Amino acid sequence: MPQSKFEATRRDVLVVGAMTVAATTSPSAVKAQVPAPAASSSASPVPSGNVALSKVSMTINGKPRDFELDTRTTLLDALREHALLTGTKKGCDHGQCGACTVLLDGRRINSCLTLAVMHEGDNVTTIEGLGSPGQLHDLQSAFVKHDGYQCGYCTPGQICSAAGVLGEIQAGVPSHVSMDLMAAPQASPEELRERMSGNICRCGAYCNIIDAITEVAGRKA
Amino acid sequence: MKSFTYERARTPQDAAVVAERTQGAKFIAGGTNLLDLMKLEIETPVHLIDVNGLKLDKIEHTEAGGLRIGALVRNTDLAADKRVRRDYGLLARALLAGASGQLRNKATTAGNLLQRTRCPYFYDTNQPCNKRQPGSGCSAIGGFSRGQAIIGASDACIATHPSDMAVAMRTLDAVVETVRATGEVRQIPIAEFYRAPGSTPHLENVLGPGELITAVVLPKPVGGVHIYRKVRDRSSYAFALISVGAIVQKDGSGRVALGGVAHKPWRVEEAETTLPRGARATVDRLLADATPSNDNAFKRPLVERTLAAVLTQARS
């Protein structure tokens, strides 16, 4: 079937919708998009209505990226709105849900609770960097096989978190449920449930998520 | 979030100098608590001093046989350190009982000590709160106080300190090392680090203007069985209703500190002489001056039963 030239992606529709709302209800929200001159490094308060800009360079999914950002930009917003990598999701934006989980130098973090400018020279891996549709990461394949999601919104965070968990277990990091602090931790279902507790799934796919991670952990072991 | 300027500190003392001379400046390390509060405009710094590059991220032996933990050591790395797991199991257990894996990978040792209360009225900017806005009043007193302090509170504030790690540090007699803008280095015993809320609950510790934590030092290991038991509404990723950190020796003597009951980790050294006589006698002295509300009166028996379980576990 030929593609209609009017066909828009869901994201295009959402962005246009949001802009319409901003333009009709909040003129100041539009004005705030205009970049102001960068503040000097001397610490005078930023005048009201202006933004302080800062440059930062990092490697995202193996590619070097340079940004000039409002200092307030979280790593999450830099990834989604500036690098246009929208695989990483914004859920609560307060570190409670884990949807924004990415790997920073191989370690999982909440990208919503860190500023982009704090990551000069760092290595960030998002879900787009773990695998691609033609070449899925083991965890991505296992989530598909075990039905480790329903709506899918938390899934990129779940998978990045799971990749971090497997690395932590391999590195010998204990958890709250590890019986013996000196023993090598195992990827048991109990351990995985505890270690994945920072990732919320409102559809309740937890059992299948644990099955998916268990399969990958077993394959690695 | 309010706009702010940003710089990366070069040395600990430089960071302290900038922080002291800049009204409204704050240090940022892990940022997991500060950014949360900045998004809600509960914290509104005009300048952030990023201390992550200061190389304060090592765990080293001290001459006294203890460990010096750099201020920037991440919670995950501290809990996973072999020396900590072996000799300071209480600390590893407390760290692992807090937050989520993602947060522990970012949160730092110093930042954990300095995290703010999770009192719901502190977070609700529509409500008066003396900690958030000095002099505005306390909504928790007479409000929903299930999670609030039962001891050591004041007429101005009944919030609790949220940290699990701090309870372990208090039990272990840790010392907080700092540097001031003048270059002066201070060693502050953790027992003297946190202030009582009194009439100024917005002042939570004894750090001076611009003073930067550089390390937390543990004395040499004291042996014994190390247990941290946390009681919470969910079995993972929730703040404590109450927690008990204990080190119990073979003869039944030991140390105990509580989380979730006061504005700071709660430890009364004199009460520990009664530990061999059991939980009830110890808690009678530990919480002798408690003034719980109807909402949180459950915390006292919960502390006693949890300590009893801890002492049973230590004997087994």
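I will try to describe carefully the structure that is included in this document. (Residues numbered from 1 in each chain as written. Chains lettered and ligands numbered in written order. Predicted model: local features only at pLDDT ≥ 70, side-chain atom pairs only at ≥ 80, totals over all residues. Heavy atoms only, no water.)

### Side note on the overall build of chain B
This is how it is decided: A helix here means a DSSP run of H or I that spans at least four residues, while a strand means a run of E at least two residues long, and both kinds are numbered starting from the N terminus. As a reference, a globule follows 2.2 Å times the number of residues to the power 0.38, and the radius of gyration itself is taken over C-alpha atoms. Relative accessibility thresholds used throughout: buried, under 20% of the residue-type maximum; exposed, over 50%; partly exposed, between the two (1.4 Å probe, protein chains only). Contact between two residues is taken to exist if any of their heavy atoms lie within 4.5 Å; hydrogens are not considered. Surface accessibility follows the Shrake-Rupley procedure with a 1.4 Å probe radius. Residue values consider only the protein chains on display as shielding. In this count, Lys and Arg are taken as positive residues and Asp and Glu as negative ones, while His and the chain termini are left out. Think of each charge as sitting on NZ of Lys, CZ of Arg, CG of Asp or CD of Glu.
The helix and strand inventory of chain B stands at 11 helices and 11 strands. For 316 residues, the compact-globule formula gives about 20 Å, and the C-alpha radius of gyration of chain B, at 19 Å, lands near that figure. On the principal axes, the C-alpha backbone points of chain B span a range of 55 × 50 × 35 Å. Of all 316 residues assigned to chain B, the portion counted as buried reaches 59%. Partitioning the contacts of chain B with sequence separation of at least 6, the portion at a separation of at least 24 is 61%. Total accessible area computed for chain B in this model is approximately 12800 Å², and 48% of it derives from carbon and sulfur atoms. Positive and negative side-chain charges of chain B, numbering 42 and 31 respectively, have mean locations separated by a distance of 5 Å.

### Some words on the sheet that holds strand S8 (residues 212-218) of chain B
Strands belonging to one sheet form pairs held by backbone hydrogen bonds; the direction of such a pair is parallel or antiparallel. Residue and element names in this part refer to chain B. This is how the line gets drawn: One requirement defines pairing of two strands: DSSP has to find at least two bridges between them. For helices, the fitted axis covers only the stretch in contact; all axes are lines through C-alpha atoms, and the angles between them, taken along N-to-C directions, range from 0 to 180 degrees.
With respect to topology, 5 strands assemble into an open sheet ordered S4-S5-S8-S6-S7, the strand pairing being antiparallel. The open sheet is flanked by strand S4 (59-61) and strand S7 (185-189), the only strands paired with a single partner. Averaged over neighbouring strand pairs, the angle between their axes works out to 25° when direction is ignored. Taken together, the 5 bridges between strand S6 (residues 175-179) and S8 define a ladder with antiparallel strand orientation. Across the sheet, Val 175 pairs through a bridge with Val 217, a residue of S8.

### Side note on the nonpolar core
Generally speaking, a soluble globular protein has its nonpolar side chains buried in company with each other. All names here are of chain B. The condition that has to hold: To form a nonpolar core, buried Ala, Val, Leu, Ile, Met, Phe, Trp, Tyr and Cys residues must be joined to one another through side-chain atoms within 4.5 Å.
Ranked by size, the top nonpolar core spans 51 residues in total, and within it Leu 78, Leu 91 and Met 169 carry the most contacts. Those elements giving two or more residues to this core turn out to be helix H1 (12-21), strand S5 (67-70), helix H3 (75-80), helix H5 (89-96), helix H7 (109-114), helix H9 (165-171), S6 and S8. Examining the composition of this core, we find that 6 residues originate from one element, H5, more than from any other. The contacts of Leu 91, once residues within four sequence positions are left out, are Ile 69, Leu 78, Val 84, Met 165, Ala 168, Met 169, Leu 172 and Leu 218.

### Some words on the packing of aromatic side chains
Residues and elements named next belong to chain B. Stated formally: For Phe, Tyr and Trp, where Trp contributes only its six-membered ring, two rings pair if their centres lie within 6.5 Å, and the inter-plane angle classes them as stacked under 30 degrees, edge-to-face over 60, or tilted in between.
Enumeration over the complete set of coordinates arrives at 2 aromatic pairs over all chains. On the basis of an interplanar angle of 75° and a centroid distance of 6.0 Å, the ring pair of Phe 122 and Tyr 123 is categorised as edge-to-face. Taking relative accessible area as the criterion, Tyr 123 reaches 21% and is therefore assigned partly exposed. Seen in terms of ring centroids, Phe 193 and Tyr 194 are 5.0 Å apart; in terms of plane orientation they differ by 85°. Their pairing is edge-to-face. Relative accessible area serves as the criterion here: at 0%, Phe 193 is assigned to the buried category.

### Concerning the interface of chain A and chain B
What counts here: The buried area of a pairing is the accessible area, by a 1.4 Å probe, that goes missing from both parts when the two are put together, added over both. Salt bridges are identified by distance alone: a Lys or Arg side-chain nitrogen within 4 Å of an Asp or Glu carboxyl oxygen. Here a polar contact is taken to be a pair of N or O atoms separated by no more than 3.5 Å, where protein atoms must pair a possible hydrogen donor with a possible acceptor and residues adjacent in sequence count only if both atoms sit in side chains. Amino acids outside the nonpolar list (Ala, Val, Leu, Ile, Met, Phe, Trp, Tyr, Cys, Pro) and the charged list (Asp, Glu, Lys, Arg) are all regarded as polar, and Gly is one of them.
In this complex, chain A contributes 51 residues to the contact, which on the side of chain B involves 46 residues. Between chain A and chain B, a total of about 3700 Å² is buried, with carbon and sulfur atoms accounting for 56% of that surface. Linking chain A to chain B there are 2 salt bridges. The closest approach of N and O atoms between Asp 77 of chain B and Arg 107 of chain A, which form a salt bridge, is 2.9 Å. At the boundary of chain A and chain B, one finds 23 residue pairs in polar contact (both at pLDDT 80 or more). Elements represented by at least two residues in the side of chain A that touches chain B include exactly strand S1 (53-60), strand S3 (101-104), strand S4 (107-110) and helix H6 (155-170) of chain A. With 4 residues, S4 of chain A is the largest single contributor of residues to the side of chain A that touches chain B. In terms of residue class, the side of chain A that touches chain B is built from 19 nonpolar, 23 polar and 9 charged.

### Comments concerning the side chain of Asn 33 of chain B
All names here are of chain B. Checked against the element boundaries, Asn 33 lands in the loop between strand S2 (25-28) and helix H2 (34-39). Looking at Asn 33, the relative accessible area reads 11%, which means it is buried. Beyond its immediate chain neighbours, meaning those up to four positions away, Asn 33 contacts Gln 115, Arg 116, Arg 118 and Tyr 123.

### Structural notes on unusual backbone geometry
Notably, Asp 93 of chain A is not glycine yet its phi reads approximately 65°, a positive angle. Its location among the elements puts Asp 93 of chain A in the loop between helix H3 (75-82) and S3. Judged by its relative accessible area of 18%, Asp 93 of chain A falls in the buried class. One non-glycine residue, Tyr 237 of chain B, lies in positive phi territory at about 55°. Inspection of the secondary structure puts Tyr 237 of chain B in the loop between strand S9 (225-231) and strand S10 (242-248).

### Some thoughts on the sheet that holds S10 of chain B
Residue and element names in this part refer to chain B. Sheet architecture is open: 3 strands sit in the order S9-S10-S11, paired in antiparallel fashion. Only two strands of the sheet have a single partner each, and these edge strands are S9 and strand S11 (254-259). Recorded for the sheet is a direction-independent mean angle of 10° between the axes of neighbouring strands. Here S9 pairs with S10 via 7 bridges, running antiparallel. Along S10, the bridge assignment pairs Val 231 with Ile 242.

### Regarding the environment of Pro 133 of chain A
All names here are of chain A. Positionally, Pro 133 belongs in the loop between helix H4 (127-130) and helix H5 (138-146). A relative accessible area of 82% places Pro 133 in the exposed class. Each C-alpha atom of the pair Pro 133 and Pro 174 lies 33 Å from the other, and the pair is 41 residues apart in sequence.

### Considering the packing of helix H10 (residues 279-286) of chain B against helix H11 (residues 299-315) of chain B
Residue and element names in this part refer to chain B. Convention followed: We call two directions roughly parallel when the angle between them is under 35 degrees, roughly antiparallel when it is over 145, roughly perpendicular when it lies between 65 and 115, and oblique otherwise. Definitions for this section: a left-handed crossing has its near helix turned counterclockwise from the far helix by less than a right angle. A right-handed crossing has that turn clockwise.
Between H10 and H11, the shortest axis-to-axis distance is 9 Å and the interhelical angle comes to 135°. The angle between the axes of H10 and H11 places the two elements in the oblique class. In this structure, H10 meets H11 at a crossing whose hand is right-handed. Between H10 and H11, the residues in contact are Ala 279, Arg 280, Thr 282, Val 283 and Asp 284 and Arg 300, Val 303, Glu 304, Leu 307, Ala 308 and Leu 311, respectively. Classifying every residue of the contact of H10 with H11 gives 6 nonpolar, 1 polar and 4 charged.

### A few points about the pattern of salt bridges
Residues and elements named next belong to chain B. Following the criterion strictly, the structure yields 32 salt bridges over all chains and no others. One salt bridge in this structure joins Glu 204 and Lys 131, with 2.8 Å as the shortest N-O distance. In this pair, Glu 204 sits in the loop between S7 and S8 while Lys 131 sits in the loop between helix H8 (120-123) and H9, placing the two residues 73 residues apart along the sequence. Judged by relative accessible area, which is 18%, Glu 204 ranks as buried. The residue Arg 170 makes a salt bridge to Glu 269 at a minimum N-O spacing of 3.2 Å.

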